[in-house]
Amino acid sequence: MSQLAFFLDGTRCTGCKTCVFACKDIKDLEAKHAYRHVYEYTGGETLKDAQGAIASTCFTYALSVACNHCSSPICAQVCPTGAMHKSESDGLVTVDAARCIGCGYCHMACPYNAPYVDRAKGHSVKCDACADLVRAGDKPACVMACPARALRFDTMEACSARGERANTAPLPDPSYTEPNLYLKPARDARPAASSEGRVANPLEVR
Amino acid sequence: MHAHLDRRSFVKGTGALAALAAAGAGGASATALFAAGAPPACAAADSGTERVVWNHCAINCPGRCALKVYVRDDEIVRVDTYAADTDDLDDIQPRACLRGRSYRAWVYHPDRINYPLKRAAGTRRGEGKYERISWDEAIATIAENYRSVIKNYGPEAVYLNYCTGNYGVTARPWSRLLNAIGGGHLSFYGNYSLAQLMWITPYIFGSSVSAGSTLNVAEDAGLVLVFGSSPVETRQGGAVSHHDYVAMRERTKGKIYVIDPRLNDSLLGHSDEWLPINPGTDAALVAGIAYELVNNGWTDEEFLHDYCVGYDEESLPEGAKGQGLSYKDYLLGTGYDKVAKTPEWAAAITGIAAAKIRSLAKEVGTTKPLFVVQGWGSQRRSNGELTGWSICMLPILTGNIGLPGTSNGLREGSYAIALTGLPDGDNSVDAMISVFSMVDAIDRGSSMTEAADGVVGVERLPYDIKFVVNWAGNCITNQNSDINWVHDVMADEDKCQFVLGSDILMTDSLKYSDIILPDLFRLEQTSLIGTGGDGAYMIAGSEPYAPKFERKSAYDAATLIARALGKEQEFTEGRTQEEWLRHLYGLSREKDPSLPGYDTAMQQGVYTRKNPKKKTVVMEAFRSDPAANPLKTPSGKIEIYSEKLAAHIAMHTFAPDDKVTPIPTYVPEWHGVETTTKENPLALSGFHYRGRLHSSWGAVEQLKLLNPQELWINPADAQPRGICQGDTVRVTNQFGAMELLAKVTPRTVPGTVCTPQGAWHDANMAGDRVDKGGCINTLTTHRPSPFAKGNPQHTNICQVTKV
């Protein structure tokens, strides 16, 4: 098995969300739904002193995250029907809509906010890494959309050679689910466990 | 990968009409249903064959990115772009941005205009109530009003408004139409993007220089200064500034400073490059740095004397000598305001500590090559002409012009494919107004003069504007300034007699039309466009389907108007739009024979071309031999003191607080950080948003949801007002009030709030006029900048309260 993975170059990502909208178009998602989210993680202060001089310790960066097709997928582990499952051939984690009962356990378990239950469809939905495209030799829509060429999709081996495993705030410690997201951190990046900043765009990542 | 029919989501997503169809009522065509609000992929059964056609984005961005349009059953089911899976950053890929990827939601928007409309009887302009009419009635009404305006006033009373919503080789037929049917129209100079800088640049560098080096030139720089710009936000595509800036930043060995009141998105992940500054004070920072350059001997005296005029007494033109009029006199306090521009002086204005200004000056003075680039944010201000000029002084003073790794301080240039456009024909009207003066010219045109209002071509306008064509533009209200004032002028039918509107959606500006014609998106038409950034590209677009409903292309609509006025042959010269495209492309290929043939271009859709020089350094020829390659300034040199501008100042009238000078000086803004009041203690600045291009895409729900309309406010300003992240706040000043959400963030400097411009104005104009859409132009002034008479839309002060 050759596990597939995302790679994000945090030094290039400008937080534009083109990846999100390419996904929304190809997956034909309703306006309020998205399979990929771009977090703005911001901290520090920008102040003026008594003389009016501005000083800033502000740091901020964007992090584009979808399903990480984890090596230890907690969503599949908690799924009572086996609808959420991991492919043995390429490691992609997908939902078998026919088996899913829409219980929402996967949504509650995933620390990356990836799956959710689409009540209209009656089952759990999430990023499948455009499995149809990928298995036909193409790349996921989000990857091919990135104007800054920050996002890539390849084997875990290739991606891990470019960056470290999802070890950047506001993500959880990667040892929890072994996500297949590899990151070249932005200069501003803070480690996964950091509480130095906060997600500064909550309306955009609901 | 393709969605299938799902009855529940279909019904939910499409509302009553779709529910009717789903219930089997029949009769309604699929087309009608989709136009009522459902993107077709929601309902497209897996039938019919899928076609792929190329087309291009066409809104006011040089991106013009590639759109790979998937069409099934005559409907667009997906919009992809042009991309290859490669690590090579030099591979030119005009990848569409988030807006380009959202076209389907826009094309199928429920507010799409499908039929000709007339303003409902008994309603006023601005109310937005319309009745469907036939094309015949629409054209007859337009022709009748046009004839009466021409008869009573003449073509000087006819105006084609500024619009930026549709570009392509044949996209813009309206000036040609007005010239063909009546001998012309009142035209404008400038634009809303860079009016101030565009006006002053010929005084500095001459008319042949309008931009700087390509961004990749900065790869060779030792120091990169970016003033008032966020390249990744303003030009978001994959083969223009977004990509080019990311590539440059990765490759340059130079240290980068981005000088902006806002930690903009070009700094995401790179906050150490942020040099926060008070808005509107860039010229003061330049003067403080320049003072240090002069005092430490870091100026390039040879360059200043051989290539420039007006730096010091010695290099002033004869007529200006002996009066302390040089730039050096300004800096040292021996001329003009008699104030030395010390770092301490600059620190008090800019908010940048004097020590930081000193260290920055040392870097500027001792690092070569220096690459200085400005965006158009610094100049879109009441002091914008002199600010834009001031920024150019850093490369000028240090001789960093025309050499590898340098630019000239203007915005980044591009290597682009230039295509011949539809000819406008001859306009017999000499008079021009500034682009920002349209509503003034409706309100009081016949009192507008060259001396006071910047009218060009005549001393005084003969008439008020009586007939306006407003096509593919939202600049009557939404993108204009002081919307509340504009509304009062435009709603008064005794002023402007007739407004012809045409667009794809009902916009705030379109509500001031008397007749509305249903337009097509550019991507619904055969089209060609050329553009570029570090690399060049051309996109040939094909129709995904024949026009739906009663929509027509602008070219076809204009043809009908020309026909009604007996000038069809003059307008069309016997050609359809596509025949013009073929004809004009033939002319383009005569100038650029390496372009592919028309049919090949149409088939391949996207054509790219690398810059044979790889990088284009601006003003290279001038630098290598200034005598052989003089600039088109009066002196042939770079003008730091402009005699021509001094003459302009003498012939025009200015308000006392305009403080105009023939050299680049710092002038406090009318409504800025130095002129806040007790009532309006905060500066308010706009910026370009990722989810819109100005107001384009502003009604697309999915973009609005993920790009919320927010006011950026520093915690130091939010806390005393009891404002928390996500609160609804009201922003008020002398011009109006708007409401939007608070983004409490250290990414804006204390004392300055920022909001993305272009949100759709949403106010009850017959009631309290509080704009719930958060459109900044509810609060901007209609007073034009002193020289360009341009839009100073970042020059605002305000108060913010929690609602």
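Not measured: the values here are computed from a predicted model.

**Here we look at the overall build of chain B**
Within chain B one finds 25 helices and 26 strands. Radius of gyration (C-alpha) of chain B: 27 Å, near the 28 Å computed for a compact globule of 803 residues. Put simply, chain B has 803 residues, and 61% of those count as buried. In chain B, once contacts between residues fewer than 6 apart in sequence are set aside, the share between residues at least 24 apart is 74%.

**Some thoughts on the confidence of the model for chain B**
It should be kept in mind that the predicted coordinates are not to be read in detail where pLDDT is low. Residue and element names in this part refer to chain B. Mean pLDDT over chain B: 94, with 94% of residues reaching 70 or higher. For chain B, helix H1 (residues 7-22) is the element with the lowest average pLDDT, namely 31, and helix H9 (residues 282-295) is the one with the highest, namely 99. Here residues 1-39 is a poorly scored stretch, pLDDT under 50, and it has 62 contacts once near neighbours within four places are set aside; other chains count. Taken as a whole, residues 41-45 scores under 50 in pLDDT and shows 18 contacts with residues more than four places along the chain or in a different chain. Model confidence for the complex is summarised by a pTM of 0.94, with the ipTM given as 0.98.

**What to know about the sheet that holds strand S6 (residues 158-160) of chain B**
Residue and element names in this part refer to chain B. Strand order in the open sheet formed by 6 strands is S5-S4-S16-S15-S14-S6, with mixed pairing between adjacent strands. At either end of the open sheet lies a strand with only one pairing partner, and these are strand S5 (130-132) and S6. Direction aside, the axes of adjacent strands within the sheet are offset by 20° on average. Summarising the sheet, strand S14 (residues 467-471) and strand S15 (residues 498-503) pair through 5 bridges and their orientation is parallel. Note that in S15 the partner of Asn470 across the bridge is Gly501. Where helix H4 (residues 135-152) meets the sheet, its contacts fall on strand S4 (117-119), S6, S14, S15 and strand S16 (515-518), and the angle it forms with S16 comes to roughly 130°. Packed on one face of the sheet, helix H5 (residues 174-182) meets S6 and S14 and runs near 160° to S6.

**Overview of the sheet that holds strand S5 (residues 59-65) of chain A**
Residue and element names in this part refer to chain A. Spatial strand order, S5-S2-S13: 3 strands in an open sheet with antiparallel pairing. Of all the strands in the sheet, just S5 and strand S13 (197-199) have a single pairing partner and so form its edges. For this sheet the average axis-to-axis angle between neighbouring strands, irrespective of direction, equals 25°. Here strand S2 (residues 37-43) runs beside S5; their pairing, made up of 7 bridges, is antiparallel. Paired with Gly43 across the strands is Phe59, a residue of S5.

**Some words on the interface of chain A and chain B**
Contact residues are listed per partner, giving 50 residues for chain A and 58 residues for chain B. Within the residue set of the side of chain A that touches chain B, elements represented by two or more residues are helix H1 (18-26), strand S3 (46-48), strand S4 (54-56), S5, helix H4 (131-135) and helix H5 (141-145) of chain A.

**Points about the packing of helix H12 (residues 343-350) of chain B against helix H13 (residues 354-366) of chain B**
Residues and elements named next belong to chain B. Where H12 contacts H13, the axes come no closer than 8 Å and their chain directions differ by 115°. Taken as a pair, H12 and H13 cross one another with a handedness that is right-handed. Between H12, through Pro343, Glu344, Ala346 and Ala347, and H13, the contact on the second element is made entirely by Ala354, Ile357 and Arg358. In terms of residue class, the contact of H12 with H13 is made up of 5 nonpolar, no polar and 2 charged.

**Notes on the domain arrangement of chain B**
All names here are of chain B. If you check the domain split of chain B, you get domain 1 (7-107), domain 2 (117-185 + 418-609), domain 3 (196-415 + 619-658) and domain 4 (682-802). If you look at the interface, domain 1 gives 11 residues, while domain 3 gives 8 residues. Residue composition of the side of domain 1 that touches domain 3, grouped by class: 8 nonpolar, 2 polar and 1 charged.

**Re the nonpolar core**
All names here are of chain B. The biggest cluster of nonpolar side chains holds 300 residues, and the ones touching the most others in it are Ile289, Ala290 and Leu394. The element that contributes the greatest number of residues to this core is H9, accounting for 10 residues. Apart from residues no more than four positions distant in its own chain, Ile289 is found in contact with Ile357, Leu360, Ala361, Val364 and Leu394.

Parameters at a glance
Residues numbered from 1 in each chain as written. Chains lettered and ligands numbered in written order. Predicted model: local features only at pLDDT ≥ 70, side-chain atom pairs only at ≥ 80, totals over all residues. Helix = DSSP H or I, 4+ residues; strand = E, 2+ residues; numbered from the N terminus. Rg over C-alpha atoms; globule rule 2.2 N^0.38 Å. Buried ≥ 20, exposed ≤ 12 C-beta atoms within 10 Å, placed from the backbone. Contact = placed C-beta atoms within 7 Å. pLDDT = per-residue confidence, 0-100. Pairing = 2+ DSSP bridges. Axes fitted to C-alpha atoms, helices over the stretch in contact; angles between N-to-C directions. Left-handed = near helix turned anticlockwise from the far one by under 90°. Nonpolar A, V, L, I, M, F, W, Y, C, P; charged D, E, K, R; others polar. Domains from an automatic or database assignment. Core = buried A, V, L, I, M, F, W, Y, C linked by C-beta atoms within 7 Å.

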